[in-house]
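As a plain string of letters, each chain reads:
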Amino acid sequence: MGILYGSQNVDERYSAIVEPNLYTDDVLIPNVTFTAKYSIGPAGQIFVHKLDKKTVAVGTPGRDFTDVAADDTLIPIALNNNFQQSRKIYGVQANAVAFDMGEEYLSDTIATVREARRYSALACLATEGTASSNATASDKDTIVANLLAMRKMIRDGHGNANFALVNTTDYALLLQNIGIQEVYDPAVRTAELLRRFGLTIIECNGFDEAAAEYYNAAGTKVTVDLTGVEMIVGSYEAFSLVDNLEVMRIIDSELFAGSKAQVEINSGLKVTNPALIVVKKNKASI
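Residues numbered from 1 in each chain as written. Predicted model: local features only at pLDDT ≥ 70, side-chain atom pairs only at ≥ 80, totals over all residues. Heavy atoms only, no water.

Colleague: Looking at this structure, how should I read the overall build of the protein?
Modeller: In terms of helices and strands, the protein carries 4 helices and 17 strands. Rg of the C-alpha trace for the protein: 25 Å, well past the compact-globule value of 19 Å for 286 residues, more than 25% over. In terms of overall dimensions, the protein has a C-alpha envelope of 105 × 55 × 35 Å along the principal axes. In the protein, which comprises 286 residues, the share counted as buried stands at 39%. Accessible surface computed for the protein: about 16800 Å², of which carbon and sulfur atoms make up 52%. Taken as two groups, the 25 positive and 35 negative side-chain charges of the protein have centres that lie 6 Å from each other. (Helix = DSSP H or I, 4+ residues; strand = E, 2+ residues; numbered from the N terminus. Rg over C-alpha atoms; globule rule 2.2 N^0.38 Å. Buried < 20%, exposed > 50% of the residue type's maximum accessible area, 1.4 Å probe, protein only. Areas by Shrake-Rupley, 256 points an atom, 1.4 Å probe, with all protein chains shown as cover. Lys, Arg positive; Asp, Glu negative; His and termini not counted. Charge placed at Lys NZ, Arg CZ, Asp CG, Glu CD.)

Following this line, the structure appears as structure tokens:
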């Protein structure tokens, strides 16, 4: 139906600027929330050696060594999580619009695939980390204590905690408590919570998926309800994210006159040390 200005039909046009879709924030940051140090070359599965820890008893001077056999365990990182999407772009469609369909659909497909990978990574962290015994939802009075208690769990286990992923509700509570204080503290600037308690605290708006999925090292698909996850505190060294394929391309189609915007990422997801990843939930997630 045409647009009338009074009794006059006026022209219609379509904008060459495309309104972007909304995606979750990218919280997968190398050496902040995960490590890729086990990316060692072509492989479908990587095994990481973990030496068994031994104890040493104090003695008196002038004694022989007691030999202890070398032994270890293997931690598997299976690169078995595949994310892909292909968008068809017919030539007649591309020739009939003012924007570059190939470029726009490729950009959107990249964002879609990366978001799916983020949800799987969060599902892995929530499942393979150590659950906090505190299942009571945090409030303004308890949020800081709960965060510190999770950090304490890791420190008491002789580990280091250096990041926290916090859902949007808890992040708002943290900002009310420690994010907008008038203090001479370089960790707090312009009402933004940047770094506190030795943790890089990151707001995660990806804890909104009720059925996030990933394949574990045994090849089993695990479905996780992330909506009950409040916080994940840990060491980035304990969460491995390894890729062995990343393809982003526009190719001519062999089936129709046009092209395809294709993206594929193949990843391995593994919490290599559950003691260094602590997860607080206020409801069951699996």
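Colleague: Help me understand the packing of aromatic side chains, please; the structure alone is not making it clear to me.
Modeller: Inspection of the entire model under this criterion finds 1 aromatic pair. When the centroid spacing of 4.6 Å and the interplanar angle of 50° are considered together, the rings of Tyr90 and Phe256 count as tilted. Placement of the pair is Tyr90 in strand E5 (residues 81–90) and Phe256 in the loop between strand E15 (239–252) and strand E16 (258–271), with a sequence separation of 166 residues. Classification of Phe256 as buried rests on a relative accessible area of 15%. (Phe/Tyr/Trp six-rings, centres within 6.5 Å; stacked < 30°, edge-to-face > 60°.)

Colleague: Before we go on, may I ask you to explain the confidence of the model for the protein in this structure?
Modeller: Model confidence for the protein is summarised by a mean pLDDT of 91, while 93% of its residues fall at 70 or above. Taken element by element, the protein is modelled with least confidence in strand E8 (residues 188–189), mean pLDDT 46, and with most confidence in strand E12 (residues 212–215), mean pLDDT 98. Low pLDDT (under 50) marks residues 187–192, which in the prediction has 13 contacts with non-local residues, meaning those over four places away or in another chain. (pLDDT = per-residue confidence, 0-100. Contact = heavy atoms within 4.5 Å.)

Colleague: Got a minute to help me understand the environment of Asn160 in this structure?
Modeller: Mapped onto the fold, Asn160 is located in the loop between helix H3 (143–156) and strand E7 (163–166). The exposure class assigned to Asn160 is exposed, which follows from its relative accessible area of 53%. Expressed as a C-alpha distance, the spacing of Asn160 and Gly219, which sit 59 residues apart in the sequence, is 30 Å. Of the polar contacts made by the side chain of Asn160, one reaches the side chain of Arg155; its length is 2.9 Å. (Polar contact = N/O pair within 3.5 Å; in protein donor to acceptor, adjacent residues only side chain to side chain.)

Colleague: What should I look at first to understand the sheet that holds E7 in this one?
Modeller: In any sheet, the strands associate via hydrogen bonds between backbone groups, in a parallel or an antiparallel arrangement. Spatially, the 6 strands line up as an open sheet ordered E6-E17-E14-E7-E11-E10, and their pairing is mixed. The strands lining the two open edges of the sheet, one partner per strand, are strand E6 (130–131) and strand E10 (195–196). Relative to strand E17 (residues 277–281), E6 is paired through 2 bridges, and the arrangement is parallel. Opposite Thr130, over in E17, you have Val278 as the bridge partner. Along the sheet, helix H2 (residues 101–128) contacts E6, E7, strand E14 (229–234) and E17; its crossing angle with E17, the most-contacted strand, is approximately 95°. In the packing of H3 onto the sheet, the strands contacted are E6, E7, strand E11 (199–203), E14 and E17, and the crossing angle to E14 comes to about 40°. (Pairing = 2+ DSSP bridges. Axes fitted to C-alpha atoms, helices over the stretch in contact; angles between N-to-C directions.)

Colleague: Any chance you could explain the sheet that holds E15 here in plain terms?
Modeller: Spatially, E5-E16-E15 is the arrangement adopted by the 3 strands of the open sheet, whose pairing is antiparallel. Looking at which strands have only one partner, the edges of the open sheet turn out to be E5 and E15. Averaged over all pairs of adjacent strands, the angle between their axes in this sheet comes to 10°, without regard to strand direction. Bridge analysis of E15 against E16 gives 13 bridges, and the strand direction is antiparallel. Along E16, the bridge assignment pairs Ser240 with Lys270. Contacts from H2 reach E5, E15 and E16 within the one sheet, and its direction differs from that of E16 by about 15°.

Colleague: When you look at H2 in this model, what are you seeing that I'm missing?
Modeller: The terminal C-alpha atoms of H2, which comprises 28 residues, lie 40 Å apart, in line with the 40 Å expected from a rise of 1.5 Å per residue. The N-terminus of H2 is capped by Asp100, whose side-chain oxygen sits 3.2 Å from the backbone nitrogen of Gly102. (Expected span 1.5 Å × (residues − 1).)

Colleague: Please clarify how the nonpolar core should be interpreted in this entry.
Modeller: Across soluble globular proteins, you tend to see nonpolar side chains buried next to one another. Counting residues in hydrophobic clusters, the biggest one holds 48 residues, and the most contacted among them are Leu165 and Leu226. The dominant element in this core, judged by the number of residues it contributes, is H2, at 7 residues. Here Leu226 is in contact with Tyr119, Leu122, Ala123, Ala126, Gly206, Phe207, Glu209, Ala210 and Ala212, once residues within four sequence places are set aside. Residues Ile89, Met101, Val113 and Ile265 belong to the second largest nonpolar core, which totals 9 residues. (Core = buried A, V, L, I, M, F, W, Y, C linked by side-chain atoms within 4.5 Å.)

Colleague: So what exactly am I meant to see when it comes to the pairing of E16 here?
Modeller: As a general feature of sheets, a regular strand has side chains that alternate between the two faces. Burial analysis of E16 places 12 of its 14 residues in the buried class, which makes it a mostly covered element. As judged from the 10 bridges shared by E5 and E16, these two strands associate in the antiparallel manner. When the bridges of E16 are listed, Gln84 appears paired with Glu264. Connecting the antiparallel pair E15 and E16 is a turn made up of 5 residues.

Colleague: Hey, could you run me through the pattern of salt bridges in this one?
Modeller: As enumerated under the stated definition, the model contains 9 salt bridges in all. For the salt bridge of Asp108 with Arg87, the shortest nitrogen-to-oxygen distance reads 3.8 Å. Taken together, the residues Asp108 in helix H2 and Arg87 in strand E5 connect sequence positions 21 residues apart. With relative accessibility at 18%, the residue Asp108 sits in the buried group. (Salt bridge = Lys/Arg side-chain N within 4 Å of Asp/Glu carboxyl O.)

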